[in-house]
Amino acid sequence: MSEHRLPEPDRPWVMRTYAGHSSARESNELYRRNLEKGQTGLSVAFDLPTQTGYDPDHELARGEVGKVGVSIAHKGDMQTLLGGIPLDQMNTSMTINATAAWLLGLYMAVAEENGVDPGRLQGTTQNDIIKEFLSRGTYAFPPAPSMRLIRDMIAFTVDAVPKWNPINVCSYHLQEAGATPVQEIAYSLSTAQAVLDEVRSRVPEDTFPRVFGRISFFVNAGIRFVEEHAKLRALGELWEQLGRERYGVEDPRYLRLRYGVQVNSLGLTESQPENNVIRIVLEALAVTLGRNARARAIQLPAWNEALGLPRPWDQQWSLRIQQILAYETDLLEYPDIFEGSKVMKGLVEELVEGARAEMAVVAEHGGAVEAVDYMKTQLVESHRARIAAIESGEQKVIGQNAFTSTEPSPLREGEDAGIMTVDPGVERAQIEAVETWRSERDAAAVAAALEELTTAARDDSVNVMPATLAAARAGATTGEWAAALREVFGEYRAPTGVSGAAAAPDGAALAELREKVERVSTALGRRIKILVGKPGLDGHSNGAEQIAVRARDAGMDVVYEGIRLSPARIAQAAVQEGVHVVGLSILSGSHRELIPTVLHQLDEAGANVPVVVGGIIPPADEIALLEAGVARVYTPKDFEISRIMGDVVDLVADRYGVAAEAA
């Protein structure tokens, strides 16, 4: 057999589709259909209340139940979600962070009730809280107790659930927040190091190599797929070095970089969305072409995720992309095709050098936990540079800022306009279901289990996982588990990165915007003031941060308190701060419920100010929001932030009757 071919083709990677919506029953039906179509692992998407530790009937859950994932409030929901799926044969990934310990507890409890030894379970919980502080916002507790939960979970699973990956260090969302390849490597490795340092003292010395070997990564692969492949090789090289030099791990089985991937969603466009299929295929090549750095599991987004929630057919298309790559092409038949490439060698060396330097800066700030503020600011600035390059045309995005002439897409025709929407009745049904669950369970057993949980949480030397598992078995709810820990750990608001971001470089568009702001401010008699708000539980704050930074750079006064604000809080701040305009950002699909509520609260508070909205908002919903009183609606196709801010300034001038004076 020639050395340029393998004796036998490699086994394909685990093929997943990130999926879940509405109720556990509907998601179970979707999972079983996907498995019938050839999907080889599950990837569970949870809704925002589940991710942040609230039951469906909590005030902050309004409008969010079942939207971006499935609602799981208790053991009964998890039992329904997994019905008919052989857990002892399944490899399940759960994208869950703040409440990861709880969801694993529910998963284990259901396995036990179905006669499956938890020691046989295989899968992954994402469980990376640092990137939640940096990029995604679904945190529940302050940094120190959050790290304690991760530590306890890793120390527990290494023996109790030995085939489980208790953490999936997630650089995916760092790239979505603007990270360069160097930052993505450096910040994810710094996070892994912080976690390992936390766990090291809680497990026997001879067990620690197995802990290191169960750490997995979840990475992003963007459109620059040659560089992205080099990034993965660099990450693997640095990971092995970290294991050998810092932790004394020698066994090559434990030193190998184990990673799963979802290719880039940041680059998906609302304009000409059919182009996203080509992007997804090319990005999948970044993580499959080179054998020595091939992903162990892959999930691909759907072509229409910049428009809204993908339908089952759209997810099937993404699964078929993986299957065609694995079974029709010849990429699994060869050794590493990049071996000996001077281009790849040079790229890897460049990224390794840059990542080491950036990791040193994080270390100077005290490590990943202490450096959250620094890293957040760097991500905001990197994302601003990316957006500026697209605005100027320096970075071309086909169909968005280049080659924009197009034919109507037949993929967007039909009553559903190419996306799936969640029935508003799902939320009402889930509220009724959780109320019924509470009324029918053994209340005394639940109370005792929650008391045991709070007692464990108060003692740092006690692992909280056994008490968590006991609460799951007793029938406690997601909100009750999180509330018990919030009572001990307290609340937290992560840094926004906006105040520390450097001033934008001067340019013609920004200079023109500054001049307009100055004219209107002079006519108003004071500086234009904008409140940027994120109502609900949506933690994807990248767009809101960029609006806040651009408004600040343009000379406006900016009020931005970060994520997870109630409509009442937004209205209160608008009145107290005396703002001229309110800008709201929602990407979770909850705009239909939350935006009218914000408008009502503003009216009740006497804040007669214009409201503009940005997010993933279908055309029909855009019309409804405008009819409800929203002044402007912006979606991902509106990528020129300076133009958006110019519109906002004109809106303020018109609303306050100074347009002619400011002209």
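Everything quoted here is computed from the prediction, not taken from an experiment.

Conventions used here
- Residues numbered from 1 in each chain as written.
- Predicted model: local features only at pLDDT ≥ 70, side-chain atom pairs only at ≥ 80, totals over all residues.
- Heavy atoms only, no water.
- Phe/Tyr/Trp six-rings, centres within 6.5 Å; stacked < 30°, edge-to-face > 60°.
- Helix = DSSP H or I, 4+ residues; strand = E, 2+ residues; numbered from the N terminus.
- Buried < 20%, exposed > 50% of the residue type's maximum accessible area, 1.4 Å probe, protein only.
- Contact = heavy atoms within 4.5 Å.
- Pairing = 2+ DSSP bridges.
- Axes fitted to C-alpha atoms, helices over the stretch in contact; angles between N-to-C directions.

A few words on the packing of aromatic side chains. Two aromatic rings are characterised by how far apart their centres lie and by the angle between their planes. Following the criterion strictly, the structure yields 13 aromatic pairs and no others. Look at Phe208 and Tyr247: their rings are 5.4 Å apart centre to centre, the planes differ by 45°, and that puts the pair in the tilted class. Taken together, the positions of Phe208 in helix 9 (residues 208–214) and Tyr247 in the loop between helix 10 (225–245) and helix 11 (252–255) put the pair 39 residues apart, joining distant regions of the chain. Residue Phe208 is classed as buried on the basis of its relative accessible area of 4%.

Phi is positive for Gln272, close to 45°, though the residue is something other than glycine. Looking at the secondary structure, you find Gln272 in the loop between strand 9 (259–263) and helix 12 (275–286). For Gln272, a relative accessible area of 13% translates into the label buried. If you check the backbone angles, Arg564 has positive phi at about 60° while not being a glycine. Checked against the element boundaries, Arg564 lands in the loop between strand 12 (557–560) and helix 22 (567–577). Take Arg564: its relative accessible area is 13%, and that puts it in the buried class.

This paragraph deals with the environment of Ile130. Here Ile130 is to be found in helix 5 (residues 129–136). In contact with Ile130, not counting residues within four places along its chain, are Met147, Thr191, Ala194, Ala368, Val369, Val372 and Met375.

Here we take up the environment of Leu81. Tracing the backbone through its elements, the reader meets Leu81 in helix 3 (residues 75–81). The buried category is assigned to Leu81, whose relative accessible area is 1%. Expressed as a C-alpha distance, the spacing of Leu81 and Gly418, which sit 337 residues apart in the sequence, is 26 Å. Leaving out residues up to four positions away in the same chain, Leu81 has contacts with Ala24, Ser27, Asn28, Tyr31, Val44, Val70 and Ile72.

It is worth spelling out the sheet that holds strand 6 (residues 164–165) at this point. Strands sit in the order 2-3-4-5-6 across an open sheet of 5 strands; the sheet is parallel. Among the strands making up the open sheet, the edge pair consists of strand 2 (18–19) and strand 6. Running at roughly 155° to strand 3 (residues 42–45), helix 1 (residues 24–36) makes contact with strand 2 and strand 3 of the sheet.

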